[in-house]
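Residues per chain are reported as follows:
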Amino acid sequence: MLKRHPTLHYILTRAGWYFLTFLVAVTINFFLPRMGPSNPIDIIMAKVGSGLDTKAAKEKEEAYLKEFGLVELDNGGAILRDESGNPVRTPGWKQFRNYILMSLQGDLGTSFLNYPKKVTEIIKQAVPWTLALQFPTIMLGWIIGNILGALAAYRRGVFDRLFFPMALLLSAIPFFAFGMLLVYQFGIEWRVFPAIGGYAGNLIPSLNWSFIGSALYHYILPFLSIFLILAGGQAIGMRSMCIYELGTDYVKYAKWLGINENRVLFYMFRNAMLPQLTGLALSLGGMIGGALITEMIFSYPGLGMAVLTAIQGNDYPLIQGCTLLITVSVLLANFTVDILIGFFDPRVKAGQKGK
Amino acid sequence: MDTLRFLKRFLAGLACILLVGCGKGSKETSKPAAGGDTEFPRALTLYLAGFQWGEPNTFNPLSDWPAFPVGGNFNLMYEPLMAFNTLTGDMEPLLARSFDKTSEYVSVTMDPRATWSDGQKVTASDVRFTYEIGQLFKNAPTAFVWDYISKITVDTITDSTANSLVEKITFLINKDRNNPLVVMDFLQNVRIVPRHYLEPMLEAQGGDLSALQKLKIDQNPVVSGPYNLLRYSGEKIVLKRRDDYWGNAALRGNRLPKPQYIIHPIYKSNDHFSIALQQGNLDVSSTFIPRIWMKAKDGVRTWYSKEPFFVPAAMTMFMINVTHYPLSDKNFRRAMAAAINYTDVRELAFSLYSPGLKPGLILPFGMEERYFSAEDAQKYGVSYDPELAKKILSDAGYTSEWDESGALKGMKNAKGEQVPTVFIKSPAGWTDWEAIVKIAVKSMRAAGIDVREGFVDAGIYWQSMPSGDFDLLLHAPNPSVTPSQPWSRLEAVMSSRNWKPQGEKMNENQGRYNNPKSKEYNPAVDKLLKQIPATADETQKKELYRALNAIFMQDQPTLPLVYRPEQFYEFSVANWKNFPSEENPYAPPQSPCFGAGTKALWEIESTNK
Amino acid sequence: MNLLKTPSFLIGMGLFLSTICIALLFPLFYNLDITTRAGVPYMAPSAGHWLGTDHLGVDMVSLLVSGLRSSLYVGFLAGIIATLLGTLLGVYAGFKGGWIDDIITLITNLFLVIPTFVVLILISSSLKEGRSLALIAFIIGATTWTWSARAVRAQASSLKSRDHIALARVNGFGTFGIVTMHILPYLLSYVFMVFILQTATGILSEACISMIGLGPYDSVSLGTILNEAMRNEALTDGAWWAFIPATILITVIVFAFYVINTSMEGVFNPRLRK
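Quick notes on the rules
- Residues numbered from 1 in each chain as written.
- Chains lettered and ligands numbered in written order.
- Predicted model: local features only at pLDDT ≥ 70, side-chain atom pairs only at ≥ 80, totals over all residues.
- Helix = DSSP H or I, 4+ residues; strand = E, 2+ residues; numbered from the N terminus.
- Rg over C-alpha atoms; globule rule 2.2 N^0.38 Å.
- Contact = placed C-beta atoms within 7 Å.
- Buried ≥ 20, exposed ≤ 12 C-beta atoms within 10 Å, placed from the backbone.
- pLDDT = per-residue confidence, 0-100.
- Pairing = 2+ DSSP bridges.
- Axes fitted to C-alpha atoms, helices over the stretch in contact; angles between N-to-C directions.
- Nonpolar A, V, L, I, M, F, W, Y, C, P; charged D, E, K, R; others polar.
- Domains from an automatic or database assignment.
- Core = buried A, V, L, I, M, F, W, Y, C linked by C-beta atoms within 7 Å.
- Parallel < 35°, antiparallel > 145°, perpendicular 65-115°, else oblique.
- Right-handed = clockwise from strand over helix to strand, strands pointing away.
- Expected span 1.5 Å × (residues − 1).
- Left-handed = near helix turned anticlockwise from the far one by under 90°.

Below, the discussion takes up the overall build of chain B. In terms of helices and strands, chain B carries 16 helices and 23 strands. In terms of overall dimensions, chain B is globule-like: its C-alpha atoms have a radius of gyration of 27 Å, near the 25 Å expected for 609 residues. Within chain B, counting contacts between residues at least 6 apart in sequence, those at least 24 apart form 68% of the total.

This is how it looks when you write it as structure tokens:
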């Protein structure tokens, strides 16, 4: 029991701090878009108002302001006006209060630009694709990159001399430029892979082999464009860490003592991987942002483009919904890694104990 | 080692679950109709794109901006009373067989054969409901029509030829506006909705239209058009042919449209349309594709097989806020008009998709040609002439200051004061518009006019337009081709009816031209704008248009830059042939889902088996 | 120094210095004209225009060199800001530990979570001059410092338990003294490597941001060149010169930075050199 205590204490304190971060982040993400000068209704009016003359446009605009909860209403449901006849805008703190109340009930609001679609609907439909593209790619890139890096560090020699500069060069290529080159070469010039889309244009997503086959076929180029570069970067990092560990005293000592090589390798891996885990957390956290460009290049389904349009159009509810998602995923990833490091790295535990 | 291996296996498993899960998840997002079709044979499917950006939000015909094909002028699901052929200027029958226009009213005779997809007839009651809902609710899509019509009456008359009873609907023209032209616009773009289907829904919402507008109406909606919604997702919208469409027998000689399915893919980047067209995965597109002649070898075609490739129908122009100095000086504006290199704009920014620009607001070709006076253009207008621009400036007392390298430093006016720099506002990231602005700035500065690009985010751009917060703003006012052109373009640019100072919102004449409260106010402009729609006599109309255009050329309240088509009508002959084109003009240059172009669906043939 | 004898360092430095030369010295010999229409749009490379023209007919070489200068400027500025912020916060957090560490970690996580694009659009819409290179560099710096903060913190906290620090404490040095005299010197080489990586990140981030369309309004950068090439369908029309040279430039610079970083790692960590 006593052994459990410091670990539990560690987990709980970390969780506490992360929760606090979450609260602050949600508040900032709420007020940040509203601090800008541009007004979401104007963009809607641009779509809707062409052909209307000024008077009709004004009435439509006020109808939307009312609908989006941006103006104060009196008891009868009509818009409150000030002396010059303009509608009274709802103050920021009130909007925040409404937002929190609604979110706790699971309602993240209605998107302005995609009215009347609900934010939860948009996110639910699009996120699986973003996750499906990013998560396996990042994990595989991380795992394989680390394995290759460790291999290069352990073997050295010719393999290392060839592999290392290549990996370095690969990781220096901007991944979107690489993606576009892949599309051009393999999708357009040679027509080996599809250039556009998440699955064939004449298929409907369903659980049959033709769809899964098509989805996997369309998956290859976007996957490669991210995976190769990520793996390259990871390999280099892992290689450095492993080389460092290989030369440490405890490894030399253990070898000299005649301890089984695999055991030694295991401990070396574990220590070398710790900083890599931090990198993994960062990558996983940046999933949704990173998906954006890939989506644009490949017309891949996902949340990315919707987020960008929302940000440019000041679609507050959708921005809040997406940033909430990003916040949760980043913090969760970092929290998990913190806990894992806590388990793997005795120094951290020692540091905690010392308090 | 074990922990590591376990971790790896666990994560790999997670990845597989996610992949499968995404398949499942997406299955739910793409809403299948009953009896869901999942196979779309190429020989029976038409792929067209360019009308839906982003996820489809709603298919409610009473919503303000529903997704394709419920919004806009798409006649696939819901139909308007008539269709306007933008090539010939004829109103073609659809739900209404014929129309009649006088100075007091516009009337249509319904086609008694028209039916809804649930078997009920399309009647004048549906038309009444569609229009009158705008009277009851300020936020209905038809609210604004009541500025132009005052009453709708329905009579049942005997039709002599068919020897049956038909309904005649009369729209009484609102005498305040007195504008039968705009009423004609309604006939061809207000989509008629089923009363027996929507009215009960409205009552179920307690008579609250906003609540009704929130419903998606995407499950087997009741429609009158040749296609109905099958399924949709964030990647595509699928329509299926209605074999019991009333128009097949009544209007199209007892034939079915050739494509059984119409699929609208949703791409996320403009170049994907081009790629898809070239690879034969897209049949029709309406996006701006540069250098389209280079794609001809892959089967990509346009209306014309050479310049200008597309049929021009609208103008892109710089709106000028004439309340800002020095733009308040007519001579300054005229000098700007003479300093822009329109050829470069045409060739570099617009890929030659426009004929050469002529002065004035009236198109010198097509249906507007009869109102265009070449003589006036010569007399009052200016073309690209940098020397003339410099002369106008110096005559008006402006001097341009140059530095040693030959670049423009600034301008001074006759009194020796520094003239403020003029900024052109345009959305950042719209590359073809950015190119236009850059070319214009370059040629104007070379002539000594101190003007600069002012790219802003799209949000700021849309905001600045109605409030007048700009010096110059790039914009294409009223780009659709409708019966009320060219009047509606002139109205959008020059009307002072709703004149408001900068800061308050205006939806037309955002440049604040012709302030009614100033002493330079020219009442002739608004008078002409009021007279033209009320004039039926062609000769008189020509005189009025000529007079108005002459005022425009002399005052130069905006700077037209280039002509643009209503739609970028481009298609691929790899999988379907017999699209309308210059050699085969049986339908106007529109995507076969739009307006009068819809009839192409019955004429195209598949090249596949 | 050992460094100058390492072949990889020389290669990396060589690459980097050549790009700097191009950026700084090339304009002296070649007339950089990014506004004049020098030929047909997407004209192939020729004797007069070594890398052809872009979609407006402007000379590609001029665009590339101007873009190179802008990208380097953004990269360095962002790198400096990120390294300064990250190092200061990281050292303080790592050395002090305790609840100061927790607070700084909280701030770090906050910055990780706030999306760059929102801040970028927000600030650029509020400023009259809109998005300039400096603003983009500033925002990249202000959002990527989290990485260097973590890295430096890890180093500082491991240093904290070293013996000479304990000795310094016993001798009565205050926090500030210990940090400046006993920690920073050890960290300097590390911080320099961090700076190099942050600059590389800055250049890549700028390219990323411009690629989406959120790039600088009035300047040309390598990212905006890529963006224009993509939107004007350069590649599909065969105009590789509008896209590939810019990609190569970015790759070469970032590669040079990585090589320099690796070689320095090799010198300061002798075990890596074997």
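On to the overall build of chain C. Of the regular secondary structure elements, chain C holds 11 helices and 0 strands. Ordered by position from N to C terminus, the α and β elements of chain C give α-α-α-α-α-α-α-α-α-α-α. By residue count, 53% of the 274 residues in chain C fall in the buried class. Of the contacts made within chain C by residues no fewer than 6 positions apart, 70% connect residues no fewer than 24 positions apart.

Quick look at the confidence of the model for chain B now. Residue and element names in this part refer to chain B. Of the residues in chain B, 94% have a pLDDT of 70 or more, and the chain-wide mean is 89. At the level of individual helices and strands, chain B shows its lowest average pLDDT in helix H1 (residues 2-29), which scores 46, and its highest in strand S11 (residues 284-285), which scores 96. Taken together, the stretch residues 13-35 has pLDDT below 50 and engages in 40 contacts with residues farther than four places along the chain or on a different chain.

To continue, consider the sheet that holds strand S7 (residues 164-173) of chain B. All names here are of chain B. Overall, antiparallel pairing links the 4 strands, which are arranged S4-S5-S7-S6 in an open sheet. The open sheet has two free edges, formed respectively by strand S4 (96-101) and strand S6 (149-159), since each of these has just one partner strand. Pairwise comparison of adjacent strand axes, ignoring direction, gives a mean angle of 20° for this sheet. One ladder, built from 5 bridges, connects strand S5 (residues 105-110) with S7; its direction is antiparallel.

Turning to the interface of chain A and chain B, a few remarks are in order. The accessible area lost on association of the parts is a frequent measure of interface size. Each side of the interface is counted separately: chain A has 60 residues, and chain B has 57 residues. Of all the secondary-structure elements, those providing two or more residues to the side of chain A that touches chain B are helix H2 (40-48), helix H3 (54-67), helix H5 (119-155), helix H8 (209-246), helix H10 (261-285), helix H11 (287-298) and helix H12 (304-312) of chain A. Element by element, the count of residues in the side of chain A that touches chain B is highest for H5(A), at 11 residues. Residues belonging to the side of chain A that touches chain B are distributed by class as follows: 34 nonpolar, 16 polar and 10 charged.

What follows covers the domain arrangement of chain B. All names here are of chain B. According to the domain assignment, chain B consists of domain 1 (3-285 + 571-606) and domain 2 (312-565). Its C-alpha centre places domain 1 at a distance of 35 Å from the equivalent point of domain 2. Taken together, the contact pairs 12 residues of domain 1 with 10 residues of domain 2. With 6 residues, the top contributor of residues to the side of domain 1 that touches domain 2 is helix H3 (residues 180-189). A per-class count over the side of domain 1 that touches domain 2 returns 5 nonpolar, 6 polar and 1 charged.

All names here are of chain B. Here Glu 307 and Pro 308 are connected by a cis peptide whose omega angle stands at -5°. By the secondary structure assignment, Pro 308 is in the loop between strand S12 (300-302) and strand S13 (312-320). The omega torsion of the bond from Tyr 325 to Pro 326 falls at 0°, within 30 degrees of zero and hence cis. Mapping Pro 326 onto the fold places it in the loop between S13 and helix H8 (330-339). Backbone geometry at Asn 578 places phi at a positive 70°, although glycine is not the residue there. Residue position: Asn 578 is located in the loop between strand S22 (576-577) and strand S23 (605-606).

What follows concerns the environment of B:His475. If you trace the backbone, B:His475 turns up in strand S19 (residues 472-475). Residues B:His475 and B:Ile436, 39 residues apart in the sequence, show an inter-C-alpha distance of 11 Å.

Below, the discussion takes up the nonpolar core. The biggest cluster of nonpolar side chains holds 337 residues, and the ones touching the most others in it are B:Phe318, B:Ala440, B:Leu561, C:Leu64, C:Leu226 and C:Val254. If one sorts the elements of this core by residue count, helix H3 (residues 60-96) of chain C sits on top with 17 residues. For B:Ala440, the contacting residues outside a window of four places in its chain are B:Ile340, B:Val345, B:Ile424 and B:Leu561.

Helix packing for two helices is described by the angle between their axes and how far apart those axes are. All names here are of chain C. One can describe the packing of H3 onto helix H9 (residues 222-231) by two numbers: an axis separation of 7 Å at closest approach and a directional angle of 130°. Accordingly, the angle class assigned to the pair H3 and H9 is oblique. Contacts between H3 and H9 involve Leu 63, Leu 64, Gly 67, Leu 68 and Ser 71 from the first element and Leu 222, Gly 223, Thr 224 and Ile 225 from the second. Counted by class, the contact of H3 with H9 contains 5 nonpolar, 4 polar and no charged residues.

Here the focus is the pairing of strand S17 (residues 422-427) of chain B. Residues and elements named next belong to chain B. Pairing analysis gives 6 bridges linking S17 to strand S18 (residues 451-456), with the strands arranged parallel. In the strand pairing of S18, Pro 427 is matched with Val 456. As for the winding sense of the linkage, the β-α-β connection from S17 through helix H12 (residues 431-446) to S18 is right-handed. Taken together, the 2 bridges between S17 and S19 define a ladder with parallel strand orientation. By the bridge assignment, Ile 424 is partnered in S19 with Leu 472.

Our next topic: the interface of chain A and chain C. Contacts between the two partners involve 46 residues from chain A and, on the opposite side, 40 residues from chain C. At the level of secondary structure, the elements contributing two or more residues to the side of chain A that touches chain C comprise helix H1 (4-34), helix H6 (157-172), helix H7 (175-189), H8, H10, H11, H12 and helix H13 (316-344) of chain A. Counting residues per element, the side of chain A that touches chain C draws most heavily on H1(A), which supplies 9 residues.

A few words on the sheet that holds S11(B). The strands making up a sheet associate through backbone hydrogen bonding, with each pair oriented either parallel or antiparallel. Residues and elements named next belong to chain B. Read from one edge of the open sheet, 7 strands run S8-S9-S10-S1-S11-S21-S12, paired in mixed fashion. Two strands bound the open sheet, and with one partner strand each, they are strand S8 (227-232) and S12. By the bridge criterion, 2 bridges tie strand S1 (residues 45-49) to S11 in an arrangement that is parallel. Of the residues in S11, the one forming a bridge with Leu 48 is Val 284.

As a further point, take helix H15 (residues 523-534) of chain B. Compared with an ideal rise of 1.5 Å per residue, which puts 12 residues at 16 Å, H15(B) spans 17 Å between its outermost C-alpha atoms and is within 8% of the ideal. Where H15(B) is buried, its residues contact H3, helix H14 (487-494) and helix H16 (538-555) of chain B.

Another aspect to go through is the pairing of S4(B). Residue and element names in this part refer to chain B. Of the pairings in the sheet, the one linking S4 to S5 comprises 5 bridges and is antiparallel in character. Bridge pairing in S5 links Lys 101 to Val 106. Between S4 and S5, which pair antiparallel and follow one another directly, the connecting turn spans 3 residues.

Residue and element names in this part refer to chain B. In contact at an axis separation of 9 Å, helix H9 (residues 342-349) and H12 are set at 155° when each is read in the N-to-C sense. Here H12 runs roughly antiparallel to H9, going by the angle between their axes. In this structure, the crossing between H9 and H12 has a hand that is right-handed. Every residue of H12 that contacts H9 at Asp 344, Val 345, Leu 348 and Ala 349 is listed here: Asp 432, Ala 435, Ile 436, Ile 439, Ala 440 and Ser 443. Partitioning the contact of H9 with H12 into residue classes produces 7 nonpolar, 1 polar and 2 charged.

Moving on to the environment of A:Ser299. If you trace the backbone, A:Ser299 turns up in the loop between H11 and H12. For A:Ser299, a count of 23 C-beta atoms within 10 Å corresponds to the buried category. A sequence separation of 102 residues divides A:Ser299 from A:Gly197, and the C-alpha atoms of the two residues are 5.1 Å apart. Those residues in contact with A:Ser299 that lie beyond four places of it in its chain are A:Ile196, A:Gly197, B:Tyr267, B:Lys268, B:Ser269 and B:His272.

All names here are of chain B. Tracing the sequence through the fold places Val 182 in helix H3. The class of Val 182 is buried, set by 24 C-beta atoms lying within 10 Å. Sequence separation between Val 182 and Ala 211 is 29 residues; the distance between their C-alpha atoms is 29 Å. Look past the residues within four positions of Val 182 in its chain and what remains in contact with it is Tyr 148, Ser 484 and Pro 533.

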